[in-house]
Amino acid sequence: MKIKSLISMLLGAISIASATDSTRVLFIGNSFTGNNDMPGIFQKICKSKNKIVHVEKSWKGGASIKDQTLRPEMFSAIKKGNWDFVILQGSSKEFIQEQEYIDSVTIPYASIIIDSIKINNPCAKILFYETWGYHENKLRSDSTCCMLNNIQLSYEQMSDTISKGYAYLNKVFSYPVVPVGSIWKVFRTKYPNINLYDTADYYHPNKIGSYLSASTFYTCIFHESPEGAMTKSIDYESALKIQKLCAQSLVPNLDNLGFNSNYVKLNSRTTNDGKFELKAKAFEQENAIITWNLGNGKSLKGTSIEYTYPKPGQYKVIVTVKSACGTRTYSQWVHFKEKNN
């Protein structure tokens, strides 16, 4: 079992959860993506929030963005097509280098991957996965681990430099950055007694760290707080703190971070007078044709809709978006209960 786990970590794997009308998300990265099955945690969070998603991951331990271009299986995952979101994560060490290094070693290979994504998935939204600085224990034990201009970086310096590196990637390609490393830093400052690192090496995430990453992705992709999303991955109190941090630090700033399209807002409620109301809006490209299948044989068209269901129940709302880049379909469950008198 240990040998199989090691092989999986080094060579990578693709994890599949099928759905024909789901939001389709592909994660490309290294062990910061693969360890603890972070995309699987993301999928559990989505499920607990009534989102229907199809998640796959293609990863290799220690891989930089350049290394990813040497992996035929990564390109095969991209070529499956019809992805709504493709997330690209590089090595932390490649983003603590000077801009000249990033220009010569990272940017050209990121372009190769991005071109493949765009050719095979014209509707996909490409996101960059900002990682975090290594723990002080790692930096103290390995004096040559993480240096810039021959100076060993502190945790704070490494974290800030990685953030700047991904901000530069955003400047070059104009794709949003999911600020996992920045949220990681805020969480460490706010809750210094909650460890986010695997104590075997103090740079990989433990399960709490992976849950923080997954919650950050949920918030950015679905443009809403992960509050109320419980999984068995970590303890309740740590999960609650992470959820609240995402709600407070991320949600108000999502538009400024570039997360202002490719998502749907559904608000369902039972009114005081017992009506079962749905209000929904699609944030999509201009001139997109939006069709809402309401899960009860009824359908409506338009960017925004309001509908009153005749009776309580569970309904699968399927949203179809037709735009210049193609057609995408994804779903979400809404639940209505009879109001108690």
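Just so it is clear, the model here is predicted, and its values are computed rather than measured. (Residues numbered from 1 in each chain as written. Predicted model: local features only at pLDDT ≥ 70, side-chain atom pairs only at ≥ 80, totals over all residues. Heavy atoms only, no water.)

Caption draft 1: The confidence of the model for the protein, seen in detail. In this model, the protein carries an average pLDDT of 92, and 94% of its residues clear a pLDDT of 70 or more. Long-range and interchain partners of residues 1–19, a stretch whose pLDDT sits below 50, account for 40 contacts in this model, where long-range means more than four residues apart. (pLDDT = per-residue confidence, 0-100. Contact = heavy atoms within 4.5 Å.)

Caption draft 2: Inspection of helix α8 (residues 155–173) at higher detail. Along its 19 residues, α8 runs 27 Å from first to last C-alpha, staying within 8% of the 27 Å computed at 1.5 Å per residue. Looking at the packing, one finds that the buried side of α8 touches α6 (99–120), β4 (125–129), α7 (136–141), β5 (147–148), β7 (177–178) and α9 (180–190). Two residues or fewer after α8 comes S174, characterised by a positive phi angle close to 65 degrees. (Helix = DSSP H or I, 4+ residues; strand = E, 2+ residues; numbered from the N terminus. Expected span 1.5 Å × (residues − 1).)

Caption draft 3: Broad picture of the sheet that holds β4. Spatially, β7-β4-β3-β1-β2-β14-β13-β10-β11 is the arrangement adopted by the nine strands of the open sheet, whose pairing is mixed. Each edge of the open sheet is held by one strand with a lone partner, namely β7 and β11 (299–301). Here strand β13 (residues 313–323) runs beside strand β14 (residues 326–336); their pairing, made up of 11 bridges, is antiparallel. Its bridge partner being in β14, Q314 is matched across the sheet by H335. Along the sheet face, α6 touches β3 (85–88) and β4 and points at about 150 degrees away from the line of β4. (Pairing = 2+ DSSP bridges. Axes fitted to C-alpha atoms, helices over the stretch in contact; angles between N-to-C directions.)

Caption draft 4: Looking closely at the side chain of K51. Structurally, K51 is set in strand β2 (residues 51–59). Reaching out from K51, the side chain makes a polar contact with the side chain of Y218 at a distance of 3.3 Å. (Polar contact = N/O pair within 3.5 Å; in protein donor to acceptor, adjacent residues only side chain to side chain.)

Caption draft 5: Expanded view of the state of the cysteines. Under the counting rule described, the total for this entry stands at two disulfides. Across a sulfur-sulfur distance of 2.2 Å, C123 and C325 are joined as a disulfide pair. Judged by the torsion about the S-S bond (115 degrees), the C123/C325 disulfide is right-handed. One end of the pair, C123, is in the loop between α6 and β4; the other, C325, is in the loop between β13 and β14, with 202 residues separating them in the sequence. Note on accessibility: C123 and C325 belong to one class, buried. Here C145 is linked by a disulfide to C146, with a sulfur-sulfur distance of 2.4 Å. Each member of the pair, C145 as well as C146, is classed as buried. (Disulfide = S-S within 2.5 Å. Buried < 20%, exposed > 50% of the residue type's maximum accessible area, 1.4 Å probe, protein only.)

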